[in-house]
Amino acid sequence: MSAPIRHFLGLKGVEESTVREILTLAARYKAERKSISWRPLAGQTWALIFSKSSTRTRVSFEVGIRELGGNPLFLNANDLQLGRGEPIRDTARVLGRMVHGAVIRTFAQSDVEEFARYAQIPTINALTDDEHPCQIIADIQTIEEKLGPITGKKIAFIGDCACNVARSWIYAAEILKFQLVLAGPDGYLSDITNPFVTQTHDVKEAARDADVLYTDVWVSMGLEAEKAERAAAFAGYQINHALVALAKKHAIVQHCLPAYRDQEISADILEERAQEIFDQAENRLHAQKGILHWLSEPPVQ
Ligand code: CP
Ligand code: NVA
């Protein structure tokens, strides 16, 4: 019997050992970028199927796949017959016969899950409306590099607590057992929780004694029509000097990017904390390589 195919579709329900294996691989790939001889994707072609814009995720996967010996094939979903109504399951069954893995950025989580089921090739969620799991792996890598083990730390998420990045953080808190406090306005808290998560409307409560202050855009991709109402609702939910002053002395500021200055983060904090924020962006590359490598090693039955 052949080994089951591995996917990385979200952090929901993922084992701690899986996250640790990926983080260990990511750290090796970072430390030994120039010398490492592992080529787990040698001879493989991986499709990147994107229905939403991307800078970091696209570039880190394209470069990462190449550095692991494979060939990336970028496909704008609108250029595929998918954009003219061909069902996901048919697209998946075609690509599954031609390429060795898929990295998908789209809207519905169920579309990534359906693709994985029908393509029968390792499939990665590169952001859906529900989750952004690859981002959170890179974030944890960055936080642990700078502050040591995340277990027991206080992470404050400021902004849209119902967005994909916040959801993946909520799942991560339960996996790695750290304290996650999310602060957002009425109507923008998450509908999911667990014993490691607190939600509040009070940004100060979230920031007080935090080890990490984290934010994401107020308007996620696909929600552009809500821009004006969100700008009004999120006023005050910003990482700025006043908020940083409440956090622990050694606290770091993280932003998944792209950043909108003087909305979710003040322009001065973004520049003052650029080193740690762009280290976080760089880690997208190393983290993707950890994820790709982990997927290429199917479990022994
Ligand atoms: N953080 C992130 O996923 O960035 P991109 O949208 O540029 O890929
Ligand atoms: N929540 C944001 C993340 C961007 C990387 C979005 O979905 O647009």
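Relevant structure appears above.
Treat the numbers as computed from the prediction; the structure is a model and nothing was measured.

Participant: Sorry if this is basic, but what is going on with the nonpolar core here?
Facilitator: Across soluble globular proteins, you tend to see nonpolar side chains buried next to one another. Membership of the largest hydrophobic core comes to 54 residues, with the highest contact counts inside it found for I124, F157, W169 and L180. Broken down by element, this core gets its largest block of residues, nine residues, from helix α6 (residues 164-176). In this view, L180 contacts I155, F157, W169, I170, A173, F196, V197 and T198; residues no more than four positions away in its chain are not counted. By size, the runner-up hydrophobic cluster in this structure holds 26 residues, among which are A156, I158, V244 and I269.

Participant: I'm lost on the packing of aromatic side chains in this one. Help?
Facilitator: Aromatic rings considered in pairs are described by the distance between their centres and by the relative angle of their planes. Considering all chains together, one arrives at seven aromatic pairs under this definition. Ring geometry for W169 against F178: centres 5.6 Å apart, planes inclined by 80°, an arrangement best described as edge-to-face. Per residue, the accessibility class of W169 equals that of F178, and both read buried. A centroid spacing of 5.3 Å and a plane angle of 75° characterise the contact between W169 and Y214, whose relative ring orientation is edge-to-face. Linking W169 in helix α6 with Y214 in strand β8 (residues 212-215), this pair joins segments that are 45 residues apart in sequence. With relative accessibility at 0%, the residue W169 sits in the buried group. The ring of F107 is capped by K52, whose NZ or CZ atom sits 4.6 Å from the centre of that ring. The ring of F74 has R58 sitting right over it, with the charged end atom 3.4 Å from the ring centre.

Participant: What is the right way to read helix α11 (residues 274-295) from this model?
Facilitator: Within an α-helix, residues lying three or four positions from one another point in the same direction, as the helix has 3.6 residues per turn. Helix length check: α11, at 22 residues, gives a terminal C-alpha distance of 32 Å against a target of 32 Å (1.5 Å per residue), a fit within 8%. At R284, α11 shows its largest kink, close to 30°.

Participant: How do you make sense of the site of ligand 2 when you look at a structure like this?
Facilitator: Around ligand 2, the surrounding shell consists of L127, N164, D216, V217, S220, M221 and L257. Contacts to ligand 2 include S220, whose side-chain N or O atom sits 2.7 Å from a nitrogen atom. Among the residues forming the shell around ligand 2, the class breakdown is four nonpolar, two polar and one charged.

Participant: Please explain the state of the cysteines as it appears in this structure.
Facilitator: Simply put, the disulfide is a covalent bond whose two ends are the sulfur atoms of two cysteines. Following the criterion strictly, the structure yields zero disulfides and no others. Distance from the sulfur of C163, which forms no disulfide, to the nearest cysteine sulfur (C256) is 7.1 Å. Accessibility expressed as a relative area gives 4% for C256, which makes it buried.

Participant: What exactly am I supposed to notice about the environment of E226 here?
Facilitator: Mapping E226 onto the fold places it in the loop between β8 and α8 (227-233). Overall, E226 belongs to the partly exposed group, its relative accessible area being 25%. On a C-alpha basis, the gap between E226 and I143 in space is 32 Å, while along the polypeptide they are 83 residues apart.

Participant: Got a minute to help me understand the packing of helix α2 (residues 56-67) against α11 in this structure?
Facilitator: For any two helices packed against each other, one specifies the crossing angle of their axes together with the interaxial distance. Running from amino to carboxyl end, α2 crosses α11 at an angle of 50°, the nearest separation of the two axes being 8 Å. The angle between α2 and α11 falls in the class oblique. α11 is crossed by α2, and the crossing has right-handed handedness. For the pair α2 and α11, the contacting residues are R56, T57, S60, F61, V63, G64, I65 and E67 in the first and A281, R284, L285, Q288, K289 and L292 in the second.

Participant: Explain the site of ligand 1 to me, please; I cannot follow it from the model alone.
Facilitator: By nearness alone, every residue bordering ligand 1 is listed as S54, T55, R56, T57, R105, H132, Q135, C256, L257 and R284. Taking T57, its side chain carries an N or O atom lying 2.6 Å from an oxygen atom of ligand 1. Coverage of ligand 1 by the protein chains reaches 95% of its 250 Å² of free accessible surface. Partitioning the shell around ligand 1 into residue classes produces two nonpolar, five polar and three charged.

Conventions we followed
Residues numbered from 1 in each chain as written. Chains lettered and ligands numbered in written order. Predicted model: local features only at pLDDT ≥ 70, side-chain atom pairs only at ≥ 80, totals over all residues. Heavy atoms only, no water. Core = buried A, V, L, I, M, F, W, Y, C linked by side-chain atoms within 4.5 Å. Buried < 20%, exposed > 50% of the residue type's maximum accessible area, 1.4 Å probe, protein only. Helix = DSSP H or I, 4+ residues; strand = E, 2+ residues; numbered from the N terminus. Contact = heavy atoms within 4.5 Å. Phe/Tyr/Trp six-rings, centres within 6.5 Å; stacked < 30°, edge-to-face > 60°. Lys NZ or Arg CZ within 6 Å of the ring centre and 35° of its normal. Expected span 1.5 Å × (residues − 1). Bend = angle between axes of the 7 residues up to and from the residue. Near = heavy atom within 4 Å. Polar contact = N/O pair within 3.5 Å; in protein donor to acceptor, adjacent residues only side chain to side chain. Nonpolar A, V, L, I, M, F, W, Y, C, P; charged D, E, K, R; others polar. Disulfide = S-S within 2.5 Å. Axes fitted to C-alpha atoms, helices over the stretch in contact; angles between N-to-C directions. Parallel < 35°, antiparallel > 145°, perpendicular 65-115°, else oblique. Left-handed = near helix turned anticlockwise from the far one by under 90°. Areas by Shrake-Rupley, 256 points an atom, 1.4 Å probe, with all protein chains shown as cover.

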